[in-house]
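Coordinate inspection notes
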Amino acid sequence: MSDKIKILKQSLKKTIWFDDESHINPYLFEERGNYKGKSKLLVKPSNTAEVSQILDLCYKNRISVVPQGGRTGLSGGTIPNSEKNEIIISMEKMNRILSVDKTGFNMVAESGCTLNDLKNSAERNGLFFPLMLPSKDSCTIGGNISTNAGGSSVLKYGMTRDLVLGLEIVLPNGKILNGLREIKKDNRGYDLKHIFIGSEGTLGIITSAVLKIFPKPKKKTIAMVALKDIKKVLDFFNFVNSSHHENLTAFELNSNLGLNFIKNSFNEIPIPFSNKYPWYVIIELSCFDNLDLEKKIEFLLEEVIEKEIIIDAIKPQNISQYENIWKTREFISYAQKKDSPSIKHDISLPISKIPKFIEEAEISIKKILANANILIFGHLADGNIHYNVSDKEVINKNNIDFYSKKINSIVFDLVYKYNGSFSAEHGIGKMKINELIKYTSTEEITVKKQIKKLFDPRGIMNPGKVFN
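All of the points below concern the structure found in this document. From a predicted model like this one, the values you see are computed outputs, not experimental measurements. Within every chain, residues take consecutive numbers counted from 1 along the sequence as written. Selection of residues for local features in this predicted model requires a pLDDT of at least 70, selection of side-chain atom pairs for listing and counting requires 80 or more, and totals for whole chains, interfaces and linings are taken over all residues. Each side-chain value is derived from all of the structure's non-hydrogen atoms; neither hydrogens nor water enter the calculation.

Topic: the sheet that holds strand β5 (residues 97-101)
Taking strand neighbours across the sheet as the criterion, the five strands line up as β5-β6-β10-β8-β9 in an open arrangement whose pairing is antiparallel. At either margin of the open sheet sits one strand with a lone partner, and together these are β5 and β9 (176-179). Geometrically, the sheet is characterised by an average inter-axis angle of 10 degrees between neighbouring strands, direction not taken into account. Contacts were defined at the residue level, with two residues in contact if any of their heavy atoms lie within 4.5 Å. Axis lines are fitted through C-alpha atoms, for helices just across the contact stretch, and the angle between N-to-C directions can take any value from 0 to 180 degrees. Every helix listed is a DSSP run of H or I at least four residues long, and every strand listed is a run of E at least two residues long, numbered separately from the N terminus. Taken strand by strand, helix α3 (residues 48-61) contacts β8 (164-170), β9 and β10 (205-212), and its axis lies near 50 degrees from that of β8. Strands are labelled as partners when DSSP assigns at least two bridges between them.

A few points about helix α12 (residues 332-339)
Residues Ile332, Ala335 and Gln336 constitute the buried set of α12. Seen from one end, α12 has its buried residues packed into an arc of 95 degrees, which puts them on one side. More than 90 degrees from the buried face of α12, the exposed residues found are Lys337 and Lys338. Contacts from the buried residues of α12 go to β13 (248-255), α9 (256-265), α11 (319-330), β16 (342-343), β18 (373-377) and β19 (384-390). Only protein chains enter the area calculation, which uses a 1.4 Å probe; residues under 20% of their type maximum are buried, those over 50% are exposed, and those in between are partly exposed. By construction, the arc corresponds to the directions joining the helix axis to the C-beta atoms.

A look at the sheet that holds β13
One key point about sheets: their strands pair by backbone hydrogen bonds, in either a parallel or an antiparallel sense. Spatially, β13-β14-β12-β15 is the arrangement adopted by the four strands of the open sheet, whose pairing is antiparallel. For this open sheet the edge positions go to β13 and β15 (312-314), each flanked by a neighbour on one side alone. If you compare each strand with its neighbour and ignore which way they point, the axes differ by 20 degrees on average. Bridging between strand β12 (residues 219-227) and strand β14 (residues 279-287) involves nine bridges; their strand directions are antiparallel. Bridged to methionine 224 within β14 is isoleucine 282. Those strands touched by α9 are β12, β13 and β14, and its axis lies near 80 degrees from that of β13.

A few points about the packing of helix α8 (residues 230-243) against helix α10 (residues 293-306)
It is the contact of α8 with α10, at a shortest axis distance of 12 Å, that shows an interaxial angle of 140 degrees. In this view, α8 runs oblique relative to α10, as classed from their interaxial angle. By crossing handedness, the relation of α8 to α10 is classed as right-handed. Of α10, the residues touching α8 (which contributes Phe236, Phe239, Val240 and Ser243) are Leu300, Glu303 and Val304. Relative orientations are named as follows: roughly parallel for angles under 35 degrees, roughly antiparallel for angles over 145 degrees, roughly perpendicular for angles from 65 to 115 degrees, and oblique for any other angle. Here a crossing is called left-handed whenever its near helix is offset anticlockwise from the far helix by less than a right angle, and right-handed whenever the offset is clockwise.

Comments concerning the pattern of salt bridges
The working definition used for a salt bridge is a side-chain nitrogen of Lys or Arg within 4 Å of a carboxyl oxygen of Asp or Glu. Evaluation of the coordinates by the stated rule reveals 18 salt bridges. The partner of aspartate 413 in a salt bridge is lysine 438, with the nearest N and O atoms 3.6 Å apart. Of this pair, aspartate 413 sits in helix α14 (residues 400-417) while lysine 438 sits in helix α15 (residues 433-438), and the two are 25 residues apart along the sequence. Since its relative accessible area comes to 35%, aspartate 413 is described here as partly exposed. Residues joined by salt bridges that share partners form a network here, namely Glu294, Glu298 and Lys315.

With respect to the pairing of strand β6 (residues 106-110)
Among the five residues that make up β6, five are buried, leaving the element largely enclosed by the rest of the structure. Alternating residues of β6 divide into Asn106, Val108 and Glu110 and Met107 and Ala109, and every residue in both groups is buried. By the bridge criterion, four bridges tie β5 to β6 in an arrangement that is antiparallel. Residue pairing for β6: serine 99 is matched across the bridge by valine 108. A loop of four residues connects β5 with β6, the two strands running antiparallel in sequence, and phenylalanine 105 in this loop sits at a positive phi of about 55 degrees.

Here it is, written out as structure tokens:
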């Protein structure tokens, strides 16, 4: 490997590569600290031509590469393998917004742009880029596309896949696939961009993207409601979605346990309702016209209380209350992390099956952990829930792997039973390779491996991710 690394150093501009540990070390860890890798070379290209040159050299010399964006992924997909010593290609210097088209409602951006940069650029132009993630300040659009990120606006605007019009990609052999088309209709056979969206850097490197942007909503309003059980949550969703479909932009689930975690870890955040109810939902309505949203949401809340669908409701009276309500949702993961180690699951299910899944999973889990804390939260209205299991008296850093295998098997077997997915938002990476094999048909795995071999015959792109 040292001879191959030497070839790269001699061929590339000295200003774009780093071989000292102080530069490389921060790129060897993922956010949760579950993985640590090794690498002798970090490369930071500034343009597509440099990415092309790097991959051409790596392809010819059979040097494996690990593409990186903001390193906010939670499945180990951007961490080099500790035993293989791949080089790292960070896209952070390719961070320019190339154009904003107010007529065509699209923007062209390099893959190293942070999500927040994109949102701010759209905002400055009086427009709106809807993708919303807690890591918006550091995650990059290239990483969002590579993992097909979800977030809290999926209900109205779709996954990242639904926001991409075109891509520029550098293939493993260094060839550039230019698909930066700013059009919505293009039926020239196979739509190649969809193969690369969600591919986690295993087929090539996304260098630029054409993204959909939207008119900026003129008004937004939220409410937080309390409910007695998960079936009432679905009743509430069905009612709101049927009567206010055109305005409903977010529907976020939380629970008594989630608010307790917030209260214990972030006591500066006021806890609504004194946390005396089992379940909570934050709904957001928005509009592009002069509709009186405040009156509309008040009528909605009165109606669902009268029908006994919800128990109670609050509306923020100022911006501080508005932000604090959202914090009760956005800070859950951080609050649970402060409390104790947990076994995390990012799953999706047919919405109608969620109550049955929750009931069955709890019964099985409590046979193993009688006092388990089961934290359920998430987007729900698109079928996605985060299902985290902890027990600070039993689970610790030393035995969490033992319990994870048992709990994962229960959760994922039930997800499979109800025709759901064990990976709703965060991808496969290193973490879920075995689950991909276990819960995917042989035919589907075969086709996916054939796609991998077609685009990356020498296996240099992000090895050990998605497939071993």
